[in-house]
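Coordinate inspection notes
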Amino acid sequence: MGATTNRQKPPTLLALGDSAVLVEFADHLDLATNARIQVLAQAMRSRSMPWVRDVVPALASLAVHVDPVALGFTDPVEPVRLLLAQCLNDELALGRTGNLVHIPICYETEFGLDLDDISQRTGLSVEQVVQRHQHSEFMVLMVGFAPGHPYLGGLAPSLSVPRRSAPRVKMPCGAVAIANAQCVVYPFEIPGGWSVVGRTPLRVFDGNRRQPSLFEPGDQVRFERIDRGGFDELARKEGTE
Amino acid sequence: MQTTVQDCGRHGWQHVGVVPSGAMDCASLQLANALVGNSLDLAGLEITLRGPTLLFQCDTLLALAGAQFGARLNTGGHELPCPLNRPVLLHAGDRLSIDQPRHGFRAYLAIAGGIDVAPTLGSRCTYLAAAMGGFEGRALKKGDSLRLAGDAHDLAHVRFDQLAGDPTTAATQLHSVRWSVAPRSLPRDEPTAVRCVDGRHRHFFTPGALAAFEADSYRISPQSNRMGYRMLGARLERAQAGDILSEPTALGTVQVPADGLPIVLMADHQTTGGYAKIAEVATADIGRLAQLRPGQEVRFVRCTLAEARALAQAEHQALQVAIQAIRLKYNAPTAGH
């Protein structure tokens, strides 16, 4: 994963207030750097340091939220730098990639609210849009905005459309939507301005599940096309009807 | 206006978009817990602006800390003012009516043994935006019935007996003690000084914007909530335009969206965001900010990271001193009992 080139540019550590440190790897999004951030964040979390409350990977940076009491109110930058260095070694040893997650999706008109619009904007047929979405090799770049809400990179470049000018006030639960080079899945009925291609019957986030979030940072994601019958059956099982 | 079940927060889940939430003024919740002999992170009620009326179905030891609400206790046919910042023993059938704060914005009600809602991801706190945790993931409403710890009744008596070195004031029918602790986190003057360290995008703003941010006062907008405090005042102009790649945020991040009006991220904030960070509120001043209500004024005062850490340490130590003093009361030898 390009470790040699990455090692040439060490990340920048900055205070994010008095109780968190931001580790910036790049000022732009690139998928190789993002993948490396995911592995590092996972390694940093798995060390379960008593002073680390949260390790939050994002597009080109990660944050370490600390417990100032556990650090005796000293500067958290150096401990974070040390933890990072230890995990950089882990990363080289492990070279780990995320889990492969299969997400059933129904692209039928009732759920693919913006397929016609995307078709017009891209000059592709609706079926081509569906095919290219389904065959995109996605990975989870970040989970944020809402619990379990993933930002997926890897969308086929031919599907790049801008955000809609008028956001929807309520996205359907499980709506799968695209904008620019990314794809998102809405875990709750929340506002959203991305173009909807379909819907998954799976429960995207459930705080009572052992693994509450369907998507974890660094996961690889493949969408699997299901028809309306398959959607209904799974929705019944998941209780998302 | 709003009462939710809160504890000291749900840590360790921000990587899947779950913010810690928890008490907006955590020191006051901890103080309330200490007053009833609880460990500091048990779940209590966060009562904002207007309090509920609570009917107790078993004997209960409780304490109210934080904002100075008016509270009345209906016990055995008598109506008495319920004192704040001290443990009070209630009996089954007693009714506690909490109205409005004279000073501050949020009170914390702790009960011996805590409030027994099922933990979600290791915490009992309510995260309203995701309808998670607390009591059915929402604010309490009329008619709700909250479970207390199974041994709440026994705990109330065991602990109140431990306090008997300070005799009860039976003459007034009120079972409490003659001491109280000083409230913490209550703002003393207005505009309230809110200390903050530099944000990482500070250099994105014009010198005029930076000067205004520090010199002018800001009024807290009515559109503020547990997610964020929106500020009304000088609009802060950026020297360089352009989007910021979405990145992690923190409790106290002061972000500036396109309209130029700063927003301070509070307990239920989003874990990531793409707005410029002009400043970060010092951890030590978060509770004090949370005790301000819409319409009140703040002034952002710049400090260094070392100062912010020293302030946090001083706050922490002062809270520990108060908590130790309370614990001594519980362990005091009981005179003639």
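Residues numbered from 1 in each chain as written. Chains lettered and ligands numbered in written order. Predicted model: local features only at pLDDT ≥ 70, side-chain atom pairs only at ≥ 80, totals over all residues.

Side note on the overall build of chain A
Each helix and strand counted, chain A has 6 helices and 11 strands in total. Since a compact globule built from 241 residues should have a radius of gyration of about 18 Å, the 19 Å found for chain A is in line with a globular shape. Taken along the three principal axes of its C-alpha coordinates, chain A extends 55 × 40 × 35 Å. Across the 241 residues of chain A, 48% fall into the buried class. Long-range contacts, defined as pairs at least 24 residues apart, comprise 65% of the intrachain contacts of chain A with a sequence gap of at least 6. (Helix = DSSP H or I, 4+ residues; strand = E, 2+ residues; numbered from the N terminus. Rg over C-alpha atoms; globule rule 2.2 N^0.38 Å. Buried ≥ 20, exposed ≤ 12 C-beta atoms within 10 Å, placed from the backbone. Contact = placed C-beta atoms within 7 Å.)

Section: the overall build of chain B
Per the secondary structure count, chain B includes 5 helices and 17 strands. The C-alpha atoms of chain B give a radius of gyration of 21 Å, which matches the 20 Å a tight globule of 337 residues would have. A principal-axis box enclosing the C-alpha atoms of chain B has dimensions of 70 × 35 × 30 Å. Going through the 337 residues of chain B one by one, you find that 52% of them count as buried. When contacts within chain B are restricted to residue pairs at least 6 apart in sequence, long-range pairs at least 24 apart make up 76% of them.

Section: helix α2 (residues 152–162) of chain B
Residues and elements named next belong to chain B. Turning to α2, its buried residues number three or more, namely Ala152, His153, Leu155, Ala156 and Phe160. Down the axis of α2, the buried side of the element spans an arc of 165°, and every buried residue falls inside it. Against β4 (60–75), β6 (88–90), β7 (95–111) and β8 (175–176) lie the buried residues of α2. (Arc of directions from axis to C-beta.)

Topic: the nonpolar core
In a soluble, globular protein the nonpolar side chains are often hidden away together inside. In this structure, Ala32, Leu109 and Ala110 of chain B are the most contacted members of the largest nonpolar core, which totals 168 residues. Setting aside residues no more than four positions away along its own chain, Ala32 of chain B makes contact with Gly44, Ala63, Leu64, Ala65, Tyr108, Leu109 and Ala110 of chain B. (Core = buried A, V, L, I, M, F, W, Y, C linked by C-beta atoms within 7 Å.)

Focus: the domain arrangement of chain A
Residue and element names in this part refer to chain A. Split by domain assignment, chain A resolves into domain 1 (3–94) and domain 2 (100–238). The centre of domain 1, based on its C-alpha atoms, is set 29 Å off from the matching centre of domain 2. Listed as interface residues are 10 residues of domain 1 and, on the opposing side, 7 residues of domain 2. Per-element tally for the side of domain 1 that touches domain 2: the top contributor is helix α2 (residues 31–46), with 7 residues. (Domains from an automatic or database assignment.)

Here we look at the interface of chain B and chain A
Each partner contributes to the interface: chain B provides 33 residues, whereas chain A provides 42 residues. Secondary-structure elements contributing two or more residues to the side of chain B that touches chain A are β12 (247–248) and α5 (305–331) of chain B. With 6 residues, α5 of chain B is the largest single contributor of residues to the side of chain B that touches chain A. Residue classes in the side of chain B that touches chain A are distributed as 13 nonpolar, 16 polar and 4 charged. (Nonpolar A, V, L, I, M, F, W, Y, C, P; charged D, E, K, R; others polar.)

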